[in-house]
Amino acid sequence: MSSCLLFWLAIRHLDVEKAAAAGLMHDQAKNFTPQQLLEIAEVEGLELDGVDEANPHLVHPQLSAIVARDRFGVQDEEILQAIENHTLGRPGMIRISCIVFLADSIDPRREQTSELEARAAGESGKYCSISLGKWR
């Protein structure tokens, strides 16, 4: 996360430490092999559809939250939710989730795949709306 984003969080009275923790851990499983992703998802009982099975990298957010919980002892549900929802979002996201989601969305290093675009089309943009003055 950039220093500008952290400054914005601070002036909005959001928990900078939580946002930074989620930002640092959001891609813990991103570089796992497809086989590792599928195996861990199965062990954890995640329900995968055909798109997930054909494109295991799409489950890295959920598995990154599991790594944060199991390997790094993160117990804070807000941090875990922010990690889990950082790629596609979900309805009713809390503020920290919106921040990590938006930061990830504008990251110039983020790879755009056709599978990710198909999953996100028309969905993720409606999950949070941030302005300088209000949250919706």
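Residues numbered from 1 in each chain as written. Predicted model: local features only at pLDDT ≥ 70, side-chain atom pairs only at ≥ 80, totals over all residues. Heavy atoms only, no water.

**What to know about the overall build of the chain**
Item 1. A count of helical and extended segments in the chain gives eight helices and zero strands.
Item 2. A fraction of 58% describes how many contacts in the chain between residues 6 or more apart in sequence connect residues 24 or more apart. (Helix = DSSP H or I, 4+ residues; strand = E, 2+ residues; numbered from the N terminus. Contact = heavy atoms within 4.5 Å.)

**Some points on the pattern of salt bridges**
Item 1. Taken as a whole and assessed by the stated rule, the structure comprises four salt bridges.
Item 2. Among the ionic pairs, Glu78 bridges to Lys18, the shortest N-O distance being 3.0 Å. Taken together, the residues Glu78 in helix α6 (residues 77-84) and Lys18 in helix α2 (residues 16-25) connect sequence positions 60 residues apart.
Item 3. Taking relative accessible area as the criterion, Glu78 reaches 36% and is therefore assigned partly exposed.
Item 4. Here Arg69 makes a salt bridge to Asp70, at a shortest N to O gap of 2.6 Å.
Item 5. When salt bridges with common partners are traced through the structure, they connect Lys18, Asp76 and Glu78 into a single cluster. (Salt bridge = Lys/Arg side-chain N within 4 Å of Asp/Glu carboxyl O. Buried < 20%, exposed > 50% of the residue type's maximum accessible area, 1.4 Å probe, protein only.)

**A look at the packing of helix α5 (residues 60-72) against α6**
Item 1. The contact between α5 and α6 brings their axes to 7 Å, and the two run at 150°. By the criterion of interaxial angle, the relationship of α5 to α6 is roughly antiparallel. Facing Pro61, Gln62, Ser64, Ala65, Ala68 and Arg69 of α5, the residues of α6 in contact are Leu80, Ile83 and Glu84.
Item 2. Tallied by class, the residues present in the contact of α5 with α6 amount to five nonpolar, two polar and two charged. (Axes fitted to C-alpha atoms, helices over the stretch in contact; angles between N-to-C directions. Parallel < 35°, antiparallel > 145°, perpendicular 65-115°, else oblique. Nonpolar A, V, L, I, M, F, W, Y, C, P; charged D, E, K, R; others polar.)

**Some thoughts on the side chain of His26**
Item 1. Locating His26 in the fold gives a position in the loop between α2 and α3 (34-44).
Item 2. Look at His26 and you get buried, because its relative accessible area is 14%.
Item 3. Among the polar contacts listed, one links the side chain of His26 to the backbone oxygen of Gly23, at a separation of 2.6 Å. (Polar contact = N/O pair within 3.5 Å; in protein donor to acceptor, adjacent residues only side chain to side chain.)

**So, the confidence of the model for the chain**
Item 1. Chain-level statistics for the chain give a pLDDT mean of 79 and a share of 70% at 70 or above.
Item 2. Between residues 130-136, whose pLDDT stays under 50, and residues either more than four places distant or in other chains, the model counts 19 contacts. (pLDDT = per-residue confidence, 0-100.)

**Notes on the nonpolar core**
Item 1. One finds Ala22, Met25, Ala68, Val74, Ile79 and Ile83 to be the most contacted residues of the largest nonpolar core, which totals 13 residues.
Item 2. Only α2, α5, α6 and α7 (95-105) provide two or more residues apiece to this core.
Item 3. For Ala68, the residues in contact, after removing those within four places along its chain, are Met25, Gly73, Val74, Leu80 and Ile83. (Core = buried A, V, L, I, M, F, W, Y, C linked by side-chain atoms within 4.5 Å.)

**Digging into the layout of surface pockets**
Item 1. As a volume, the second largest pocket reaches approximately 200 Å³.
Item 2. Around the second largest pocket sit 12 residues that line it, and Leu58, Gln62, Glu84, Leu88 and Gly89 are the ones nearest its centre.
Item 3. Counted by class, the lining of the second largest pocket contains four nonpolar, four polar and four charged residues. (1 Å grid on protein atoms, 1.4 Å probe; cavity = no way out; pocket = protein on both sides within 12 Å on 5 of 7 lines; lining within 4 Å. Points joined across faces, edges and corners; volume = space filled by probe spheres on them.)

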